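As a plain string of letters, each chain reads:
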Amino acid sequence: MTVFLLDVNALVDTAYVQHDEAHDWFGKTGRKAFATCPLTENGLLRIVGHPRYPNSPGSPGAVMLSLTAMRALPGHRFWADTISISDAQLVDGSRLTSHAQVTDTYLLALAQAHGGRLASMDLKLVTNAVIEGKKALRSERLEELRGEEGVSLRLVMHQTRKRRDGSARRVQ
């Protein structure tokens with residue numbers, strides 16, 4: 001069974017944001033076998049525990065209760081940070097052209113090293129920095145549209161942002 005490493009945005013959206021697609025995907029597919037790692041867990045606490053985060057349950061300590069409950073789900077695995085982004089057998093460092101690519105490249109390499117796939121909402125993720133990186137990236141929506149079990153692109157979800165007046169707008 002494929003295990004999906006939830007990147008920080010996918011983890012936040014699955015746990016807190018009311019994104020129907022994130023919840024549907026997690027309920028149907030991701031919940032069966034998903035992973036977190038120190039980087040994604042810390043990111044969840046940092047983002048959702050921020051005082052200005054919408055619908056935050058409070059401090060990072062309050063968010064920890066939700067993380068603990070999520071980790072107790074039967075499909076959860078914890079993947080320790082057991083690789084280095086400088087390992088040339090995993091990552092082609094010459095393909096990292098921006099500081100913004102570092103974290104997702106590391107997570108993609110970690111998923112690859114564990115034989116899993118990265119569930120990411122990042123539309124700009126550069127898969128060619130990770131050796132055979134496309135194989136470790138998963139997109140439920142694109143897979144359904146193409147009808148191919150082996151398609152490995154990215155989990156694409158629409159985000160909704162609140163305006164100051166309280167109304168919502170859709171962000172691609």
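What counts, and where the lines are drawn
Residues numbered from 1 in each chain as written. Predicted model: local features only at pLDDT ≥ 70, side-chain atom pairs only at ≥ 80, totals over all residues. Heavy atoms only, no water. Helix = DSSP H or I, 4+ residues; strand = E, 2+ residues; numbered from the N terminus. Contact = heavy atoms within 4.5 Å. Axes fitted to C-alpha atoms, helices over the stretch in contact; angles between N-to-C directions. Parallel < 35°, antiparallel > 145°, perpendicular 65-115°, else oblique. Left-handed = near helix turned anticlockwise from the far one by under 90°. Nonpolar A, V, L, I, M, F, W, Y, C, P; charged D, E, K, R; others polar. Core = buried A, V, L, I, M, F, W, Y, C linked by side-chain atoms within 4.5 Å. Buried < 20%, exposed > 50% of the residue type's maximum accessible area, 1.4 Å probe, protein only. pLDDT = per-residue confidence, 0-100. Pairing = 2+ DSSP bridges. Polar contact = N/O pair within 3.5 Å; in protein donor to acceptor, adjacent residues only side chain to side chain. Salt bridge = Lys/Arg side-chain N within 4 Å of Asp/Glu carboxyl O.

**Here we look at the side chain of Thr105**
Here comes step 1: For Thr105, the location among the structural elements is in helix 5 (residues 102–113).
Here comes step 2: Setting aside residues up to four positions removed in sequence, Thr105 forms contacts with Ile85, Val91, Leu96, Val126, Ala129 and Val130.

**Quick notes on the packing of helix 3 (residues 38–48) against helix 4 (residues 60–71)**
Here comes step 1: For the pair helix 3 and helix 4, interaxial distance at closest approach is 9 Å and the crossing angle is 140°. As far as their axial angle goes, helix 4 and helix 3 are oblique. Classified by chirality, the crossing of helix 4 by helix 3 is right-handed. Facing Glu41, Leu44, Leu45 and Val48 of helix 3, the residues of helix 4 in contact are Pro60, Val63, Met64, Leu67 and Arg71.
Here comes step 2: Considering only residue class, the contact of helix 3 with helix 4 consists of 7 nonpolar, no polar and 2 charged.

**Topic: the nonpolar core**
Within soluble globular proteins, side chains that are nonpolar generally end up buried alongside one another.
Here comes step 1: One finds Leu5, Trp79, Ile83, Leu107, Leu108, Leu110 and Leu118 to be the most contacted residues of the largest nonpolar core, which totals 20 residues.
Here comes step 2: Element by element, the count of residues in this core is highest for helix 5, at 6 residues.
Here comes step 3: Ignoring any residue separated from it by four or fewer positions in sequence, one finds Leu110 in contact with Leu5, Cys37, Trp79, Ala80, Asp81, Thr82 and Ile83.
Here comes step 4: Residues Phe4, Leu44, Val63 and Ala119 belong to the second largest nonpolar core, which totals 18 residues.

**Regarding the environment of Leu107**
Here comes step 1: Along the chain, the position of Leu107 falls in helix 5.
Here comes step 2: C-alpha separation for the pair Leu107 and Leu39, spaced 68 residues apart in sequence, amounts to 8.4 Å.
Here comes step 3: Beyond its immediate sequence surroundings of up to four residues, Leu107 is in contact with Leu5, Asp7, Cys37, Leu39, Thr40 and Leu118.

**Topic: the confidence of the model for the chain**
Here comes step 1: This prediction gives the chain a mean pLDDT of 76; 72% of its residues lie at or above 70.
Here comes step 2: Put simply, strand 5 (residues 159–162) is where the chain has its lowest mean pLDDT, 32, and strand 3 (residues 76–78) is where it has its highest, 96.
Here comes step 3: Considering only residues more than four positions removed or in separate chains, one finds that residues 140–172, a stretch of pLDDT under 50, has 71 contacts.

**Concerning the sheet that holds strand 4 (residues 117–119)**
Here comes step 1: Strands sit in the order 3-2-1-4 across an open sheet of 4 strands; the sheet is parallel. Lying at the two open borders of the sheet, with one neighbouring strand each, are strand 3 and strand 4. Here the strands of the sheet are splayed against their neighbours by 40° on average, with no regard to which way each runs.
Here comes step 2: Here 3 bridges tie strand 2 (residues 34–36) to strand 3, and the two strands are oriented parallel to one another.

**Some thoughts on the side chain of Thr36**
Here comes step 1: You can see Thr36 is positioned in strand 2.
Here comes step 2: Classification of Thr36 as buried rests on a relative accessible area of 1%.
Here comes step 3: In terms of polar contacts, Thr36 uses its side chain to reach the side chain of His76, at 2.7 Å.
Here comes step 4: With residues up to four places along the chain from it excluded, the contact list for Thr36 reads Leu5, Leu11, Glu41, His76, Arg77, Phe78 and Trp79.

**Regarding the pattern of salt bridges**
Here comes step 1: With the rule as written, the count across this model stands at 3 salt bridges.
Here comes step 2: For the salt bridge of Glu41 with Arg71, the shortest nitrogen-to-oxygen distance reads 3.2 Å. Taken together, the residues span a long stretch of sequence, with Glu41 in helix 3 and Arg71 in helix 4 at a distance of 30 residues.
Here comes step 3: Judged by relative accessible area, which is 9%, Glu41 ranks as buried.
Here comes step 4: By relative accessible area, which is 36% here, Arg71 ends up partly exposed.

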